[in-house]
Amino acid sequence: AVTRTFSIIKPDATRRNLTGAVTKMLEEAGLRVVASKRIHMTRDQAEGFYAVHKERPFYNDLCDFMTSGPVVVQVLEGEDAVARNRQVMGATNPAQADEGTIRKTYAESIEANSVHGSDSDENAKIEIDFFFSPDEIVG
Ligand code: CMP
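From a predicted model like this one, the values you see are computed outputs, not experimental measurements.

### Considering the UniProt feature "active site" (unreviewed entry) in the chain
- Per the UniProt record, "active site" (unreviewed entry) is found at His116.
- In this structure, His116 sits in strand 4 (residues 115–117).

Listed below in structure tokens is the structure:
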């Protein structure tokens, strides 16, 4: 089925002017950008978005990193969008990511790993609603 997922192009990628290069890889994987905006996340937004990781040792550094520069938040649409996006992103740790994936190609570290993508349809809906209002999504 055609579904939607939520994606973030992270500060390490925007800093290196890779917004277009990353988006091209998403598009070549069969995903369509149906919403996109460049924002500088507030501390509150980063902490809220990653609240599920609050007890993890990397939480504070992660929130520092995600507010360290601009990000591009996107809604992606395509056949099995969550799985398709996870495939083209590659493993969270770029050292373990497959050749040809975004993280293998561009990520600097497990923290500065260039992209985020939702891990389930349920979380995709929650994450899309966190950053976008319905009128900002044009399918
Ligand atoms: P993301 O998909 O955005 O979800 C949580 C993020 O935490 C993850 O990508 C990584 O960038 C970051 N992170 C930092 N350290 C770790 C770690 N040890 N394990 C998992 N995620 C980590």
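Here the narrative resumes.
### Remarks on the sheet that holds strand 4
- Strand order in the open sheet formed by four strands is 2-3-1-4, with antiparallel pairing between adjacent strands. The open sheet has two edge strands, strand 2 (32–39) and strand 4, and neither has a second partner. Shown here is a sheet whose adjacent strand axes are inclined to one another by a mean of 20°, direction ignored.
- Here strand 2 pairs with strand 3 (residues 71–79) via seven bridges, running antiparallel. Looking at strand 3, one finds that Ile39 is bridged to Val71.
- In this fold helix 5 (residues 81–89) packs onto strand 1 (2–9), strand 3 and strand 4, with an angle of close to 35° to the strand it touches most, strand 1.

### A look at the UniProt feature "binding site: ATP" (unreviewed entry) in the chain
- Here, the residues flagged by UniProt with the feature "binding site: ATP" (unreviewed entry) are Lys10, Phe58, Arg86, Thr92, Arg103 and Asn113.
- Assignment of secondary structure puts Lys10 in the loop between strand 1 and helix 1 (11–15).
- With residues near it in sequence (within four places) discarded, Lys10 still touches Tyr50, Phe65, Met66, Pro70, Val71, Glu111, Asn113, Ser114, Val115 and His116.
- In this fold, Arg86 is placed in helix 5.

What counts as what
Residues numbered from 1 in each chain as written. Predicted model: local features only at pLDDT ≥ 70, side-chain atom pairs only at ≥ 80, totals over all residues. Heavy atoms only, no water. UniProt positions renumbered as here; feature names shortened; annotations may be inferred. Helix = DSSP H or I, 4+ residues; strand = E, 2+ residues; numbered from the N terminus. Pairing = 2+ DSSP bridges. Axes fitted to C-alpha atoms, helices over the stretch in contact; angles between N-to-C directions. Contact = heavy atoms within 4.5 Å.

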